[in-house]
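# Residue-level structural notes
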Amino acid sequence: GQQLNQSPQSMFIQEGEDVSMNCTSSSIFNTWLWYKQDPGEGPVLLIALYKAGELTSNGRLTAQFGITRKDSFLNISASIPSDVGIYFCAGPVVGGGSNYKLTFGKGTLLTVNP
Amino acid sequence: EPEVTQTPSHQVTQMGQEVILRCVPISNHLYFYWYRQILGQKVEFLVSFYNNEISEKSEIFDDQFSVERPDGSNFTLKIRSTKLEDSAMYFCASTPGGGFYGYTFGSGTRLTVV
């Protein structure tokens, strides 16, 4: 099946630093989604990307849809302690039709030291 | 902001027992989903539901699983005879349809099978 490879698996950074994580796939995606999951909570959508080359920001977060449609990255600038959590990339499953089912990467665990 | 509500937040059950996990999707959403996340692993699609029937299901969603929309607001996942490996977080999600805008996850039910 479709696999999304996320890297890095985990990151330990100091408050104020910038963070970059990415997601790659062997298959083409038409949509890339970035979610954040806090402990014991469900994934919350951060950014959605719908077009190759698209660069979208949401506050301190910026995400880009790769030109090849096989990758995406998420940047967080000036990190703060509440950025701690697991960040997942996700995309629609090929052949999913109108069901809008998602496949997820394994996540990047972000720890921010104050 | 509209939410997907899941109950209970945590359920402990004995192996072989039946469990029903409950979800109240966002009221004007048309597509409903169940996902599963085993501890430390990625979120996995289980089943999608549209127009009062299952539209797609994964290999995980075997005969022990069933879903129902018993009334206009609730969406349930039943596991007929739980196994130890069913222990996981179960997330309900809903979307209005027509894309991934508004794809919203609930906070999840942590199911522990002992």
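Residues numbered from 1 in each chain as written. Chains lettered and ligands numbered in written order. Predicted model: local features only at pLDDT ≥ 70, side-chain atom pairs only at ≥ 80, totals over all residues. Heavy atoms only, no water.

### Some points on the side chain of Thr 95 of chain B
Residues and elements named next belong to chain B. Applicable threshold: Numbering of helices and strands runs from the N terminus; a helix is a DSSP stretch of H or I covering at least four residues, while a strand is a stretch of E covering at least two. Type-normalised accessible area, obtained with a 1.4 Å probe on protein chains alone, sets the label of each residue: buried when under 20%, exposed when over 50%, and partly exposed for intermediate values. Contact between two residues is taken to exist if any of their heavy atoms lie within 4.5 Å; hydrogens are not considered.
Its place among the elements puts Thr 95 in strand β9 (residues 88–95). A relative accessible area of 0% means that Thr 95 is categorised as buried. Here Thr 95 is in contact with His 29, Leu 30, Tyr 31, Tyr 33, Tyr 101, Gly 102 and Tyr 103, once residues within four sequence places are set aside.

### Some points on the interface of chain A and chain B
What counts is decided by this rule: By buried area we mean the combined loss of accessible area, with a 1.4 Å probe, across both parts when two parts are placed together. Basic side-chain nitrogens of Lys or Arg form a salt bridge, by our definition, when they fall within 4 Å of a carboxyl oxygen of Asp or Glu. Identification of polar contacts relies on pairs of N or O atoms within 3.5 Å, with a donor-acceptor requirement for protein atoms, meaning one able to donate a hydrogen and the other able to accept it, and with residues adjacent in sequence counted only if both atoms are side-chain atoms. The classification used treats Ala, Val, Leu, Ile, Met, Phe, Trp, Tyr, Cys and Pro as nonpolar, Asp, Glu, Lys and Arg as charged, and all other residues, Gly among them, as polar.
Contacts between the two partners involve 22 residues from chain A, matched on the other side by 21 residues from chain B. Around 1,900 Å² of area is buried between chain A and chain B when both sides are counted, 55% of it from carbon and sulfur atoms. Scanning the region where chain A abuts chain B turns up 1 salt bridge. Here Lys 101 of chain A and Glu 56 of chain B are joined by a salt bridge, their closest N and O atoms 2.5 Å apart. Taken together, the links from chain A to chain B amount to 4 residue pairs in polar contact (both at pLDDT 80 or more). For the side of chain A that touches chain B, the elements supplying multiple residues, two or more each, are β4 (32–37), β9 (85–92) and β10 (102–104) of chain A. Partitioned by chemical class, the residues of the side of chain A that touches chain B number 9 nonpolar, 10 polar and 3 charged.

### Describing the environment of Gly 108 of chain B
All names here are of chain B. Take Gly 108: it is sitting in the loop between β10 (104–105) and β11 (109–113). Along the sequence, Gly 108 and Arg 22 sit 86 residues apart, while their C-alpha atoms lie 9.8 Å from each other. Among residues more than four places away in sequence, those in contact with Gly 108 are Gln 6, Pro 8, Ser 9, Met 89, Tyr 90 and Phe 91.

### Some remarks on the sheet that holds strand β3 (residues 19–25) of chain A
All names here are of chain A. To be explicit about the condition: Between any two strands, at least two bridges found by DSSP are needed for them to pair. Under this scheme, a helix contributes an axis fitted over its contacting stretch, all axes are lines through C-alpha atoms, and angles between N-to-C directions fall in the 0 to 180 degree range.
Within the open sheet, the 5 strands sit side by side as β1-β3-β8-β7-β6. Their pairing is antiparallel. Single-partner strands in this sheet number two, and they are β1 (4–7) and β6 (55–58). Pairs of neighbouring strands in the sheet enclose a mean axial angle of 15°, with direction left out of account. As defined by bridge partners, β3 adjoins strand β8 (residues 71–76) across 6 bridges and the pair is classed as antiparallel. For Cys 23, the partnering residue across the bridge sits in β8 and is Ser 72.

### A short note on the environment of Ile 38 of chain B
Residues and elements named next belong to chain B. Position of Ile 38 relative to the elements: it lies in the loop between β4 (31–37) and β5 (44–50). Residue Ile 38 is classed as partly exposed on the basis of its relative accessible area, which comes to 23%. Considered as a pair, Ile 38 and Gly 97 are 59 residues apart in the sequence and their alpha carbons are 27 Å apart. Contacts of Ile 38, omitting those with residues within four sequence positions, involve Ser 87 and Ala 88.

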